Amino acid sequence: MQVSVYRYNPDVDEVPQMRDMSVDLPEGKDLMVLDVLELLKGQDPTLSYRRSCREGVCGSDGINMNGKNGLACITPVSEVVKRGKLVLRPLPGLPVVRDLVVDMTQFYRQFEKVQPYLINDQPPPAQERLQSPEQRAELDGLYECILCACCSTACPSFWWNPDKFIGPAGLLQAYRFLADSRDSATAERLSKLDDPFSVFRCRGIMNCVSVCPKGLNPTRAIGKIRSMLLHQGT
Amino acid sequence: MEFDGVIVGGGGAGLRASLQLAQSGLKTAVISKVFPTRSHTVSAQGGITCAIGSDDPDDDWRWHMYDTVKGSDYIGDQDAIEYMCSEGPQAVFELEHMGMPFSRTETGRIYQRPFGGQSKDFGKGGQATRTCAAADRTGHALLHTLYQANLKARTTFLNEWFAVDLVKNQDGVVVGVIAIEIETGEVVYVASKATVLTTGGAGRIYASTTNALMNTGDGIGMALRAGLAVQDIEMWQFHPTGIAGVGILVTEACRGEGGYLINKDGERFMERYAPTAKDLAGRDVVARSMIIELLEGRGCGPEGDYLMLKLDHLGADVLNSRLPGILELSRTFAHVDPIKEPIPVEPTCHYVMGGIPTQVNGQALTQDAAGNDQPVEGLYAAGEVACVSVHGANRLGGNSLLDLIVFGRAAGQRIEEQMRGGVSYRDASDSDLEAALSRLNRWNTSAGGEAVADLRKELQNTMQVNFGVFRTERNMREGIKQLAELRERIGTAHLSDKSNAFNTARMEALELDNLLEVAEATAIVAEERRESRGAHARDDYQERDDDNWLCHSMYFPADKRVGKRSVNFEPKTVDAFQPMERKY
Amino acid sequence: MALVTNVTSLTRSGLADFLIQRITAVVLALYTLCVLGFLLVTDNLSHAALVDYFGSMGMRLFSTMAVLSTAAHAWIGMWTVGTDYIRPHYFGTGATVFRFVYQSGCVLILFVYVAWALQLFWSL
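To start, this report covers the structure provided alongside it. (Residues numbered from 1 in each chain as written. Chains lettered and ligands numbered in written order. Predicted model: local features only at pLDDT ≥ 70, side-chain atom pairs only at ≥ 80, totals over all residues. Heavy atoms only, no water.)

1. Examining the interface of chain C and chain A
Stage number 1. If you look at the interface, chain C gives 18 residues, while chain A gives 18 residues.
Stage number 2. Viewed at the interface, chain A and chain C are joined by 3 salt bridges.
Stage number 3. Among the ionic pairs, Arg87(C) bridges to Asp163(A), the shortest N-O distance being 3.6 Å.
Stage number 4. Applying the counting rule to chain C against chain A returns 10 residue pairs in polar contact (both at pLDDT 80 or more).
Stage number 5. When residues of the side of chain C that touches chain A are traced back to their parent elements, those giving at least two are helix H1 (2-5), helix H2 (14-41) and helix H4 (57-85) of chain C.
Stage number 6. For the side of chain C that touches chain A, a count of residues per class yields 8 nonpolar, 6 polar and 4 charged. (Contact = heavy atoms within 4.5 Å. Salt bridge = Lys/Arg side-chain N within 4 Å of Asp/Glu carboxyl O. Polar contact = N/O pair within 3.5 Å; in protein donor to acceptor, adjacent residues only side chain to side chain. Helix = DSSP H or I, 4+ residues; strand = E, 2+ residues; numbered from the N terminus. Nonpolar A, V, L, I, M, F, W, Y, C, P; charged D, E, K, R; others polar.)

Take a look at the structure:
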């Protein structure tokens, strides 16, 4: 199979380029894209990418495969390959460090901006804080985020304003804490989101939903934040 | 760079320790080779075992302690197990207060599920339900919560920094680490009054493992190269249910929720091996039973090389709410839908019970010439890299997450105490630093030799073939010989890419050194322990030998010697549990 | 966040901008329907008929609302487009100056339109 890989090593390359490589795939086995990367790295150890758990939980290997963001370790080659060719690029919209490795500083900064931790000023009880299964169910579809950045780097609004628009991943986490019955900082959290950029740059394009490897729905969470802002404002 | 405390490894134990230190106002940094939420704790699924009394208000941490001692096949240190089980509830409640999204019961308390090896009333009251869970994503929920808490506490993170080796001063005190900032390739001496190793496991010494690609035993490797001893390193847990062929973990919670294993005849074979606990016997027991089924020709599939985990009888509702992650993983990696059909599974390397011996407070230990415990000044360890030892010869499911938070916290508290008392060590001299840099320099100047990937594969296959679930002397001798050869070859292997920016080839080379250290220690001690105990099962010595081996093994890297260290039988508040025959 | 609202967002509140854009859209939709309806039902469309229709007090007020809505709606939209696309990433160091010129142009055009329209409707 032909694989076209984005290559850039700042130590030696003036500019990035797409380089063609070829791999022999074992018969009758649908490899994951990460397996292909490992085969390529066997041929050329200088190829760099992040990877760890190889089961879609750690969120290291978000890359762009034939135009679509996803996790290399849980994306079967057959799902993305087009006309016998696999095209691998780093996640779009973030500075490239080397090959498929991007600098995620801006992504993490937006995540940190939403105060992604429980705030509760009451002294904690001797045991756990109680929470009904229904209240806990509010967190489903939110807490499972693995911070792989597939969504935010598929979002045009995040491409345009990565410094000001929090982006789908950060907003999903913002809502995760707004939705938590144990969190007492709702008003404070909302007031920090009510500027023209943080939330309102979302245009409902829904690229985030279509690429999320965990099947989460940031657009819906953003809608919920908007309506919370509205309720607070009126 | 200089800190009061440097934590090497950003997983559960590391983040719990750093949180303790950051909250106490000490100058703390976490060195992690990946962004912390990508640490392998994130893959833990089933839960965190702890007697919080949610499912059963009468539950007692002493029952949990009994189970853990029995599970360890009696070489877990009882003072440490006592500490873990009694401190556990507080540590779990703290996690909840930090915001961890536990699943809940109807009364709003933390949801608990049954796990293997659990009992009520010291084994007399039947199966207990003691494992606190956040669906089947407990590790993910725990790790993210701890990272969030660290953000709140403003911990300093050196993310994507790779620790190369410990720095010891003239007095043998550990005074920091040499680390590489991966993005730039810059090599830095990070000086510290307390260095905490929380680097996790080393499952990648085997060809088939549930462990992440980065679980290369970096902490154990660093300790061994620094001349320190490791304890019980031959004790490797094989998880009964890794997805056949790929090794992806399928949580024990599947069996806790009512799933069970079947052979090719559809027989629930665990009823024969463990009539009472059945599929919820200790992991070592289940894994061995599975291998026997396979050897006796009752495996499934055309090659008869795997067994099946049946879940469909639990119904779609239970599976969707309690085991959503398992549904996802099975569909992706086994191409089966557990709602309709069983999952093909096989025992897969999962966890190392052994590691750097420590006191209950995390202080690393070694032995002096007379065999007495000797603290290693400046060095602490917690989590899988450590051997405190609460897991002994076999870990119970759900006890690893508890180990992380209880002993991560304990190490933090201990260091706080030490720092308040004030410590000062001699600075590292140039020659001390030179020593810690030597292996990095070796790779950076290597001009020819074999490729890292090939050597790694050979090492993994050697371990897989010779040091699996069942071990025999002949195979192990062969394995030890092969590892000795591999040591020669790795010592002259080649790093072709010497560039600076995000050089993953260099990391993999450095990791290979660590794999080798762990593998060789495992092999040498496994051959020496001439008995079967817990996860260490020998064909040639099938019985447990309490007369000679009711003790920890110690491995001394300088002369590759195997020694012994006595097991603690002196818990503080309860009577010790005496060794008995271990039946489930 | 004063930093991100800098000079020019209409209300400095994302929510208010968001609401204004939607409310003004409704006003404009209604106005369009109203005018379209008039054009459809009127057989003999003469200048006098138009003056008569738009000269009523009700229509004068409605037209004023529509013009102001257009201005607010357009400003929020154009400002957003400007802050999306006119950035140093694409235009280098001159981006800020360019954006200022662009925004000034938008303000000027909108001001002229509003003034002209108001003058027109209220002088009928």
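2. Observations concerning unusual backbone geometry
Residues and elements named next belong to chain B.
Stage number 1. Residue Ser389 is reached from Val388 by a cis peptide bond, and omega for that bond is -10°.
Stage number 2. Relative to the helices and strands, Ser389 is located in the loop between strand S18 (386-387) and helix H11 (399-421).
Stage number 3. Backbone geometry places Tyr74, a non-glycine residue, at a positive phi of 70°.
Stage number 4. On the secondary structure map, Tyr74 appears in the loop between helix H2 (61-71) and helix H3 (78-98).

3. Description of the sheet that holds strand S3 (residues 48-49) of chain B
All names here are of chain B.
Stage number 1. Read across the sheet, 3 strands follow the order S3-S5-S4 without closing on themselves; strand pairing throughout is antiparallel. The strands lining the two open edges of the sheet, one partner per strand, are S3 and strand S4 (112-113).
Stage number 2. With 2 bridges connecting them, S4 and strand S5 (residues 131-132) associate as antiparallel partners. Looking across to S5, one finds that Gln112 is bridged to Cys132. (Pairing = 2+ DSSP bridges.)

4. Focus on the nonpolar core
Stage number 1. Formed by 109 residues in total, the largest nonpolar core has its most connected members in Ile225(A), Ile48(B), Val92(B), Ile405(B) and Phe407(B).
Stage number 2. Setting aside chain neighbours within four positions, we find Ile48(B) in contact with Val92(B), Leu95(B), Phe102(B), Arg130(B), Thr131(B), Cys132(B), Thr138(B), Leu142(B), Gly398(B), Leu401(B), Leu402(B) and Ile405(B).
Stage number 3. Judged by nonpolar contacts, the second largest core, of 83 residues, contains Ala364(B), Leu486(B), Leu495(B) and Leu516(B). (Core = buried A, V, L, I, M, F, W, Y, C linked by side-chain atoms within 4.5 Å. Buried < 20%, exposed > 50% of the residue type's maximum accessible area, 1.4 Å probe, protein only.)

5. A few points about a nonpolar patch on the surface
All names here are of chain C.
Stage number 1. Together, Leu108, Ile109, Phe111, Val112, Tyr113, Trp116, Leu120 and Leu124 line one region of the surface with nonpolar side chains, adding up to about 860 Å² of accessible area.
Stage number 2. By secondary structure assignment, the location of Val112 is in helix H6 (residues 95-122).
Stage number 3. Using a relative accessible area of 44% as the deciding quantity, one classes Val112 as partly exposed. (Patch = residues over 30% accessible without salt bridge, like charges linked within 9 Å, V, L, I, M, F, W, Y side chains within 5 Å. Areas by Shrake-Rupley, 256 points an atom, 1.4 Å probe, with all protein chains shown as cover.)

6. Here we look at the interface of chain A and chain B
Stage number 1. The interface is formed by 59 residues belonging to chain A together with 60 residues belonging to chain B.
Stage number 2. Per-residue buried area on chain A facing chain B is highest for Arg54(A), Glu55(A) and Glu128(A); these three make up 15% of the total on that side.
Stage number 3. Inspection of the chain A/chain B interface yields 7 salt bridges.
Stage number 4. In this structure, Lys214(A) and Glu328(B) form a salt bridge, with 3.1 Å as the shortest nitrogen-oxygen distance.
Stage number 5. Our enumeration of links across chain A and chain B arrives at 39 residue pairs in polar contact (both at pLDDT 80 or more).
Stage number 6. Mapped onto the side of chain A that touches chain B, the elements with two or more residues apiece are helix H1 (33-43), strand S6 (96-98), helix H3 (105-113), helix H4 (133-137) and helix H6 (167-178) of chain A. (Buried area = accessible area lost by both parts, 1.4 Å probe.)

7. Remarks on the pattern of salt bridges
Stage number 1. Scanning all chains against the criterion turns up 74 salt bridges over all chains.
Stage number 2. Residues participating in the shared-partner salt-bridge network are Asp73(B), Asp232(B), Glu234(B), Asp284(B), Arg288(B), Arg529(B), Glu531(B), Arg533(B), Arg544(B), Asp546(B) and Arg582(B).

8. A closer look at the sheet that holds strand S12 (residues 260-262) of chain B
Residue and element names in this part refer to chain B.
Stage number 1. Strand order in the open sheet made by the 4 strands is S11-S14-S13-S12, with antiparallel pairing throughout. Every other strand in the sheet has two partners, leaving strand S11 (236-243) and S12 as the edge strands with one partner each. Across the sheet, the axes of successive neighbouring strands diverge by a mean angle of 50°, strand direction being ignored.
Stage number 2. Direction of pairing for S12 relative to strand S13 (residues 307-310): antiparallel, over a ladder of 3 bridges. Looking at the pairing, Tyr260 lines up with Lys310 of S13.
Stage number 3. Of the strands in this sheet, S11, S12, S13 and strand S14 (343-352) are in contact with helix H8 (residues 283-295), which crosses S11 at around 60°. (Axes fitted to C-alpha atoms, helices over the stretch in contact; angles between N-to-C directions.)

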